[in-house]
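# Breakdown of the fold
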Amino acid sequence: MDYLQIQGPTKLSGSVDISGAKNAALPLIAMTLLASNEVTINNLPNVVDIKTLIKLLSNLGATATLNKCSVKIDTCCLTNTKATYDIVKTMRASILVLGPLLSRFGHCEVSLPGGCAIGQRPIDLHLKALEQMGAEISIEAGYVLAKAPNGLKGAHIVFDKITVTGTANIVMAAALAKGKTIITNAALEPEVVQLCQVLKHAGIGIDGIGSSELTIYGTDGRLVEIEPFDIIPDRIEAGTYMCAAAITNSEVTINKIRPDHLEAVSAKLEQMGFTLVVKKDSITVKPSTKLKAVDIITQEFPAFPTDMQAQFLALCTQVQGVSIIEERLFENRFMHVSELQRLGADIKLKGNSATISGKQQLVGADVMATDLRASSALVLAAMVAEGTTNVHRIYHLDRGYVELEKKLQSLGANIKRLKE
């Protein structure tokens, strides 16, 4: 098993290119189940989660040709509609095949998902919505058994709470359904927006893209032809490198990004005292001599993203004053706190809030990653800790970051990947 060894403290400099967004790529790969042609997806991030979902489609009978940053997927000749436990257990996003499989074939079996430790993320909203569209659903032996013998029918879906994967799943289900589907309280995330844009470009009628109410006009089972497209930049990877610049108080330029997807992250860095130079597809973080604490509440897009909470928690250990971070989306997403405390961080937890007292001198130690974003927070903290930090269980990191240690090395970090 691999681990990362980091020597700190360190300064960074230079620029880094951001990869395609994992969270955009996953629903778009599932979307190929709706296509009549071989689909080419470019700017694909070379991470484990992508390979896992492509393997799932291959097990269903799709053919996939994967290069480093692109994939060609042909689902014309699927032989199977059962997404098995051995793959789905490793990644929650596998549930994204439920909507398109059911809409296309009228039946499917998808294992209940696993793959993440940050709290309960039930799929009941997905299932309730599909039932409203005429599906018959049962849970047997850990599998969702879904049938729609007469095809899915358009319905008015009102999500009780915002769900990103739920919105994506129902958009894909509605694409081949009969009639009009309205989704109220739809997720606004850029990853959902791109899914809708690609489907609309392929001929699916979709109104309200980028708003909380989507209207989808189904094709009544007719598959669509999807032209080649590029995955949007990964706003969470970009935000992580912005935090890397900030925590080391260094000047770093983050390239190949969408600054409008990062406005909540940028606003908090500016509140802390950093100067940001924003251009069309880049942001440069400038060092600051006076940094101050901030309060953060995680919420759905366009508010501050829960996927940046861990990185900012690490950053808050290095600014003067007391910062409070309130996690409103996942109840178990502070597992990285105990590991940061091993490095010397002064953090107190109460319910869904963390109180961080800075500025603390961190000291290297052995720490263990507990989830994807927690992994990156430990790497950030290690870069300002005195001495050697070993970050174990980085298979979490490899699920969502492309060559993180190589990109940080190019910026001047003293970091290397080793074998246990």
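Computed from a predicted model, the values in this text were never measured in an experiment. (Residues numbered from 1 in each chain as written. Predicted model: local features only at pLDDT ≥ 70, side-chain atom pairs only at ≥ 80, totals over all residues. Heavy atoms only, no water.)

### Side note on the overall build of the protein
Stated formally: Each helix is a run of DSSP H or I of at least 4 residues and each strand a run of E of at least 2, with the numbering of both proceeding from the N terminus. Residue contacts follow a heavy-atom distance rule, with two residues in contact if any of their heavy atoms lie within 4.5 Å. Residue burial considers only the protein chains on display, and all accessible areas are found by Shrake-Rupley using a 1.4 Å probe.
Helix and strand counts for the protein come out as 14 helices and 24 strands. C-alpha atoms of the protein, sized along the principal axes, occupy 65 × 45 × 40 Å. Relative to all contacts within the protein whose residues are 6 or more apart in sequence, the contacts with residues 24 or more apart total 73%. Of the accessible surface of the protein, which amounts to about 16200 Å², a share of 49% is contributed by carbon and sulfur atoms.

### Things to note about the packing of helix α8 (residues 235–247) against helix α10 (residues 309–316)
Stated precisely, the cut-off is as follows: The angle between two axes is taken between their N-to-C directions and runs from 0 to 180 degrees, where each axis is a line fitted to C-alpha atoms and a helix contributes only its stretch in contact. Throughout this description, any angle smaller than 35 degrees is read as roughly parallel, any larger than 145 degrees as roughly antiparallel, any in the 65 to 115 degree range as roughly perpendicular, and the remainder as oblique. Ten residue types, Ala, Val, Leu, Ile, Met, Phe, Trp, Tyr, Cys and Pro, are classed as nonpolar, four, Asp, Glu, Lys and Arg, as charged, and the remainder, Gly among them, as polar.
Their axes nearest at 10 Å, the elements α8 and α10 cross at an angle of 5°. Viewed along their axes, α8 and α10 adopt a mutual orientation that is roughly parallel. When α8 is examined against α10, the residues I236, T240, C243, A246 and I247 are found in contact with a partner set consisting of Q311, F312, A314 and L315. Across the contact of α8 with α10, the residue classes break down as seven nonpolar, two polar and no charged.

### Section: the nonpolar core
To keep it simple, the criterion reads: By nonpolar core we mean a set of buried residues, namely Ala, Val, Leu, Ile, Met, Phe, Trp, Tyr and Cys, connected to one another through side-chain atoms within 4.5 Å. In this scheme, a residue with accessible area under 20% of its type's maximum is buried, one over 50% is exposed, and one in between is partly exposed, where area comes from a 1.4 Å probe on protein chains only.
Ranked by size, the top nonpolar core spans 81 residues in total, and within it M31, V97, L130 and M133 carry the most contacts. Ranked by size, the runner-up nonpolar core spans 68 residues in total, among them V16, C316, L378 and L397.

### What about the side chain of S376?
Checked against the element boundaries, S376 lands in helix α12 (residues 372–384). Classification of S376 as buried rests on a relative accessible area of 2%. Discounting chain neighbours no more than four positions away, the residues touching S376 are T240, Q311, L397 and Y401.

### Section: the sheet that holds strand β13 (residues 213–217)
Inclusion rule: At least two bridges found by DSSP between two strands are what make those strands a pair.
Strand order in this open sheet of four strands is β10-β11-β13-β12, and the pairing throughout is mixed. Pairing within the sheet leaves two strands with one partner each, and these edge strands are β10 (156–158) and β12 (205–207). Neighbour-to-neighbour, the strand axes of this sheet turn through a mean angle of 15°, independent of strand direction. Bridging between β12 and β13 involves three bridges; their strand directions are antiparallel. Within β13, the residue paired with G205 across the bridge is Y217. Contacts from helix α6 (residues 164–175) reach β10, β11 (180–184) and β13 within the one sheet, and its direction differs from that of β13 by about 25°.

### Digging into helix α9 (residues 263–272)
Helical periodicity: at 3.6 residues per turn, an α-helix aligns residues three or four positions apart in one direction. Quick note on the threshold: Comment: arc refers to directions from the helix axis out to C-beta atoms.
Those residues of α9 that sit buried are V265, S266, K268, L269 and M272. Along the axis of α9, the buried residues cluster in a sector spanning 160°; they form a single face. Turning to α9, the residues buried within the fold contact α8, β16 (275–278), β17 (282–286), β18 (295–298) and α10. G273 sits one or two positions beyond α9 and adopts a positive phi of about 120°.

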